[in-house]
Amino acid sequence: MELRNKQVLVLGAGISGIAVAKVAKALGAKVTISDNKAIESLGHIADTLNQLGIELIPGTQSDILLQNMDMVIPSPGISIYHHLLQQAIKQRIEVISEVEFAYRLTEVPFIAITGTNGKTTTTTLVGEILKNADRNIVLGGNIGIPLSEAVYNLPDADFVVAEISSFQLEGVQQFRPYVCAVLNLTPDHIDRHGNVAVYQEMKERIFAQQYREDYLILNYDDEIVRGMADRATANVVFFSNTHILEEGAFLRGGYLVLKLAGQEEIICAATEMGIRGGHNVQNALAACAIAKICNVPTEIMAATLRSFKGVEHRLELVGEQRGVKFYNDSKATNPESSIVALQAFTEPVVLIAGGRDKGTDLGPLMTEIKGHVRGLILLGEAAERFEQAAKDFCISEIHRVAELKDAVLLAARVAKPGESVLLSPACASYDMFSNFEERGRDFKRLVTELRR
């Protein structure tokens, strides 16, 4: 990608914004970062950018920022419908996402994974399987380091393995992964996309530019995702934990099975996996289908599934106190994610939920809570709506607290030996924390302090 002496505007001085600005500057572009925060809120970031020769313009983002610009790259948190981006499009200034920018930096083939839930677990698992098979990979995207930073000056590698969100797909144009997967699709980020149809359209951009020699992995059990095959050019491979497929990755008799190109292989028993829950069986099937396309031996897949203990903030066992286990599922930022978390437990659960409400239907979540949860502890902006929904479903043991610390202390008091305490908020974290990672780390700290 030729950027020498091009004028590039980066919107948002967050992690990915700074990463893409640094790379664009290194490629010879004249880079400006605009962030709507006041200069006082940006702290040391301003000094860092100044040292790099990158201009920082804080505060109000007016159309004058677009003057003489050749390219605009928004951070994932900034919607394509932002007034400045819409104006840039009208002025025929190229607007691309950080993922598109990263894709143009390297010839290394991409493995890209999206979906409403399970992206991080599946992406990490694919990375672990490939590393155990001695493949040279780079892991990035909506997980870990920004993609542009991960692939810049990338030496020879076999694959870039990337978790991709709908936000990142808003600004893709040429992005063409060799293998991509859509794990599931349920209503989420409606506050950003407006409706489910647009959300689905963003997700489908992950395979829109694929060729016939590429591969698309789809969840057969999700009717919407299964239907994406009708719009695919690439080779479609299905996975399922409820149907025995003629070809694909599926669960049969409690065993994970691969059947591709007429060859059937048994990977391992689902009970041997190091991560719990039926949703993780689906994640593992998708990961193994990807690994098979990358010519990884089945025995390496099986060994990885047995040793893999999951990712931080996703059904992460934090510790045990007086016979009560504490699980951090802070990454559950929507009701559907909390539902699959609850379904992973056979023992009674004391659930801590709440945060910034996304306004989604709470009926299915409350049905699951009624069946699995003995005590419900609510906090954050969503607490009032969640409490009313719980009462509508005749859920009796409901508690309201002000802070996460109060929730952990209360959960420790009310949980009985043999039960589990689960932080699975079903909400975004932004009312009380910077992100779900900060929320999860705070939960783990508070659980650790219970031992003192």
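Shown above is the structure to which this text applies.
Residues numbered from 1 in each chain as written. Predicted model: local features only at pLDDT ≥ 70, side-chain atom pairs only at ≥ 80, totals over all residues. Heavy atoms only, no water.

Asks: What is the right way to look at the overall build of the protein chain in this model?
Replies: If you tally the helices and strands in the protein chain, you get 18 helices and 20 strands. Its C-alpha atoms give the protein chain a radius of gyration of 23 Å, near enough to 22 Å, the size a compact globule of 452 residues would have. Across its three principal directions, the C-alpha atoms of the protein chain cover 65 × 55 × 40 Å. Counting over 452 residues, the protein chain shows a buried share of 58%. Of the side chains in the protein chain, 45 bear a positive and 56 a negative charge, and the two mean positions are spaced by 2 Å. (Helix = DSSP H or I, 4+ residues; strand = E, 2+ residues; numbered from the N terminus. Rg over C-alpha atoms; globule rule 2.2 N^0.38 Å. Buried < 20%, exposed > 50% of the residue type's maximum accessible area, 1.4 Å probe, protein only. Lys, Arg positive; Asp, Glu negative; His and termini not counted. Charge placed at Lys NZ, Arg CZ, Asp CG, Glu CD.)

Asks: Any chance you could explain unusual backbone geometry here in plain terms?
Replies: If a residue is not glycine, its phi is most likely negative; likewise, a peptide bond is most likely trans. Its identity is not glycine, yet Arg-92 carries a phi of approximately 60°, on the positive side. Position of Arg-92 relative to the elements: it lies in the loop between helix H4 (83-90) and strand E5 (94-95). Exposure remark for Arg-92: the relative accessible area of 77% places this residue in the exposed category. The residue Leu-315 is not glycine, and still its phi comes out positive at about 50°.

Asks: Would you explain the environment of Ser-165 in this entry?
Replies: Tracing the sequence through the fold places Ser-165 in the loop between strand E8 (159-163) and helix H8 (166-169). Residue Ser-165 is classed as buried on the basis of its relative accessible area of 10%. On a C-alpha basis, the gap between Ser-165 and Ala-344 in space is 24 Å, while along the polypeptide they are 179 residues apart. Beyond its immediate stretch of four places on either side in the chain, Ser-165 contacts Thr-114, Asn-142 and Lys-203. (Contact = heavy atoms within 4.5 Å.)

Asks: Sorry if this is basic, but what is going on with the packing of helix H6 (residues 119-132) against helix H12 (residues 278-293) here?
Replies: Two numbers describe how H6 lies on H12: the axes approach to 9 Å, and their chain directions differ by 40°. Relative to H12, H6 is oriented oblique. Two packed elements cross with a definite hand, and for H6 against H12 that hand is right-handed. Seen from H6, the contacting residues are Thr-121, Thr-122, Leu-125, Val-126 and Ile-129; seen from H12, they are Asn-280, Asn-283, Ala-284, Ala-286, Ala-287, Ile-290 and Ala-291. (Axes fitted to C-alpha atoms, helices over the stretch in contact; angles between N-to-C directions. Parallel < 35°, antiparallel > 145°, perpendicular 65-115°, else oblique. Left-handed = near helix turned anticlockwise from the far one by under 90°.)

Asks: How should the nonpolar core be read in this particular structure?
Replies: In summary, soluble globular proteins display a tendency toward joint burial of nonpolar side chains. Membership of the largest hydrophobic core comes to 41 residues, with the highest contact counts inside it found for Ile-111, Leu-130, Ile-217, Ile-267 and Leu-305. In terms of residue count, the dominant contributor to this core is H12 (10 residues). Setting aside residues no more than four positions away along its own chain, Ile-111 makes contact with Val-126, Leu-130, Phe-159, Val-160, Val-161, Ala-162, Val-179, Ile-290 and Cys-294. Formed by 33 residues, the second largest nonpolar core is a distinct cluster that contains Val-99, Tyr-199, Leu-245 and Phe-250. (Core = buried A, V, L, I, M, F, W, Y, C linked by side-chain atoms within 4.5 Å.)

Asks: Is there a simple way to explain the side chain of Glu-316 in this structure?
Replies: Checked against the element boundaries, Glu-316 lands in strand E15 (residues 316-321). Within polar-contact distance, the side chain of Glu-316 engages the backbone nitrogen of His-313 at 3.0 Å. Not counting residues within four places of it along the chain, the set of residues in contact with Glu-316 comprises Val-311, Phe-326, Tyr-327, Asn-328 and Lys-444. (Polar contact = N/O pair within 3.5 Å; in protein donor to acceptor, adjacent residues only side chain to side chain.)

Asks: Teacher, can you tell me more about the pattern of salt bridges here?
Replies: Opposite charge on two side chains makes pairing possible when the charged atoms of those side chains draw close. In this structure the tally under the stated criterion is 23 salt bridges. Between Arg-104 and Glu-100 there is a salt bridge, with the nearest N and O atoms lying 2.9 Å from each other. Each member of the pair, Arg-104 as well as Glu-100, is classed as buried. Its salt-bridge partner being Glu-128, residue Lys-131 comes within 3.1 Å of it at the nearest N-O pair. With Lys-131 and Glu-128 both in helix H6, this residue pair falls three residues apart, about one helical turn. A single network of salt bridges, built from pairs that share partners, joins Glu-94, Glu-100 and Arg-104. (Salt bridge = Lys/Arg side-chain N within 4 Å of Asp/Glu carboxyl O.)

Asks: Explain the packing of aromatic side chains to me, please; I cannot follow it from the model alone.
Replies: Aromatic ring pairs are reported here in terms of the distance separating the ring centres and the angle at which the planes meet. Tallied over the full model, the rule gives six aromatic pairs. Ring centres of Tyr-103 and Phe-175 lie 5.5 Å apart, and the angle between their planes is 85°; on these two criteria the pair is classed as edge-to-face. Within this pair, whereas Tyr-103 is found in helix H5 (residues 98-103), its partner Phe-175 is found in the loop between H8 and strand E9 (179-182), the two being separated by 72 residues in sequence. According to the relative accessible area criterion, Tyr-103 is buried, its value standing at 18%. Relative accessible area serves as the criterion here: at 1%, Phe-175 is assigned to the buried category. Clustering of aromatic rings is evident, with ring pairs tying together Tyr-103, Phe-110 and Phe-175. (Phe/Tyr/Trp six-rings, centres within 6.5 Å; stacked < 30°, edge-to-face > 60°.)

Spatial relationships are all this shows, so hold off on functional conclusions.
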